[in-house]
Amino acid sequence: MTALVDLAAFGAEDPVPLSDIALRQNLSVAFLEQIFGKLRRAGLVESRRGVGGGYVLAHQADVISVAQVVEAMEEEIRSTACQPGAGLGCRGTSAKCLTHGLWAELDEKIDSFLSGVTLGDVAKGAKMSVTSQDEKAVANA
């Protein structure tokens with residue numbers, strides 16, 4: 001995410017070399033090459049070759065959701081041990097743990113939040129806030 005935010009912030013028009021991102025974000029170029037390979041295959045970035053080459057976002061930062069980035073990295077954010085759609089529950093049997101509903105609902109909130117935040121939002125440093133309904137629920141807790 002940090003590398004993509006850097007690309008959004010510093011790569012408005014021209015391709016950004018991975019070495020520049022690595023230097024600014026204190027990341028290794030080899031690590032970024034692996035990540036940007038996945039991001040390119042997911043259609044989130046494009047590579048440009050030659051002198052002045054590097055990477056550019058494939059779409060405007062305001063239309064790339066954080067959820068798309070997480071999916072492109074083949075990462076899964078789950079708070080239950082259950083595999084979605086699997087017959088086995090949290091306990092390794094068909095049974096689910098007593099708190100399964102709580103964690104499953106949290107997963108839905110996380111997915112919704114990440115789907116509603118764009119790379120552009122993060123690059124602009126926008127404050128991420130919960131909805132007023134969520135604020136009321138927190139206040140009543």
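For the structure itself, look to the data block above.
Described below are features of the structure shown in this document. (Residues numbered from 1 in each chain as written. Predicted model: local features only at pLDDT ≥ 70, side-chain atom pairs only at ≥ 80, totals over all residues. Heavy atoms only, no water.)

Some remarks on the packing of helix H2 (residues 18-25) against helix H3 (residues 29-41)
Put simply, H2 and H3 touch, their axes get as near as 9 Å, and they point 120° apart. One way to sum up the angle between H2 and H3 is to call them oblique. Viewed along their axes, H2 and H3 form a crossing whose handedness is right-handed. Where H2 approaches H3, its residues Leu 18, Ser 19, Ile 21 and Ala 22 are matched on the opposing element by Val 29, Leu 32, Glu 33 and Phe 36. (Axes fitted to C-alpha atoms, helices over the stretch in contact; angles between N-to-C directions. Helix = DSSP H or I, 4+ residues; strand = E, 2+ residues; numbered from the N terminus. Parallel < 35°, antiparallel > 145°, perpendicular 65-115°, else oblique. Left-handed = near helix turned anticlockwise from the far one by under 90°. Contact = heavy atoms within 4.5 Å.)

Points about the pattern of salt bridges
In total, this model carries three salt bridges according to the counting rule given. In this structure, the salt-bridge partner of Glu 46 is Arg 48, at a minimum N-O distance of 3.2 Å. Residue class for Arg 48 comes out partly exposed when judged on its relative accessible area of 39%. A salt bridge links Asp 62 to Lys 124, with the nearest nitrogen and oxygen atoms 3.3 Å apart. Taken together, the residues Asp 62 in the loop between strand S2 (54-57) and helix H4 (66-72) and Lys 124 in the loop between helix H6 (119-123) and helix H7 (132-140) connect sequence positions 62 residues apart. (Salt bridge = Lys/Arg side-chain N within 4 Å of Asp/Glu carboxyl O. Buried < 20%, exposed > 50% of the residue type's maximum accessible area, 1.4 Å probe, protein only.)

Section: the nonpolar core
The biggest cluster of nonpolar side chains holds 23 residues, and the ones touching the most others in it are Leu 7, Phe 36, Leu 39 and Leu 57. For this core, the secondary structure elements donating two or more residues are helix H1 (2-10), H2, H3, S2 and H4. In contact with Leu 57, other than residues within four places in its own chain, are Leu 4, Leu 7, Ala 8, Leu 44, Val 45, Ile 64 and Leu 119. (Core = buried A, V, L, I, M, F, W, Y, C linked by side-chain atoms within 4.5 Å.)

Examining the pairing of strand S1 (residues 45-48)
Note that S1 and S2 share four bridges and pair antiparallel. Residue pairing for S2: Val 45 is matched across the bridge by Leu 57. (Pairing = 2+ DSSP bridges.)

Examining the side chain of Asp 6
Positionally, Asp 6 belongs in helix H1. Here the side chain of Asp 6 touches Gln 25 through a polar contact of 2.8 Å, side chain to side chain. Contact partners of Asp 6, with chain neighbours within four places excluded, come to Gly 11, Ile 21, Arg 24 and Gln 25. (Polar contact = N/O pair within 3.5 Å; in protein donor to acceptor, adjacent residues only side chain to side chain.)

A look at the packing of aromatic side chains
For the structure shown, the criterion picks out one aromatic pair. Taken together, a centroid distance of 4.9 Å and an interplanar angle of 55° make the contact between Phe 36 and Tyr 55 tilted. Of this pair, Phe 36 sits in helix H3 while Tyr 55 sits in strand S2, and the two are 19 residues apart along the sequence. You can call Phe 36 buried: its relative accessible area is 0%. Positioned over the ring face of Phe 10 is Arg 24, at 4.0 Å from the centre of the ring. (Phe/Tyr/Trp six-rings, centres within 6.5 Å; stacked < 30°, edge-to-face > 60°. Lys NZ or Arg CZ within 6 Å of the ring centre and 35° of its normal.)

Re H1
Along H1, the residues classified as buried are Ala 3, Leu 4, Val 5, Asp 6, Leu 7 and Ala 8. Residues of H1 that are buried sit in contact with H2, H3, S1, S2, H4 and H6.

Thoughts on a nonpolar patch on the surface
On the surface, Leu 102, Trp 103 and Leu 106 cluster together to form a nonpolar patch covering roughly 270 Å² of accessible area. Position of Leu 106 relative to the elements: it lies in helix H5 (residues 100-116). (Patch = residues over 30% accessible without salt bridge, like charges linked within 9 Å, V, L, I, M, F, W, Y side chains within 5 Å. Areas by Shrake-Rupley, 256 points an atom, 1.4 Å probe, with all protein chains shown as cover.)

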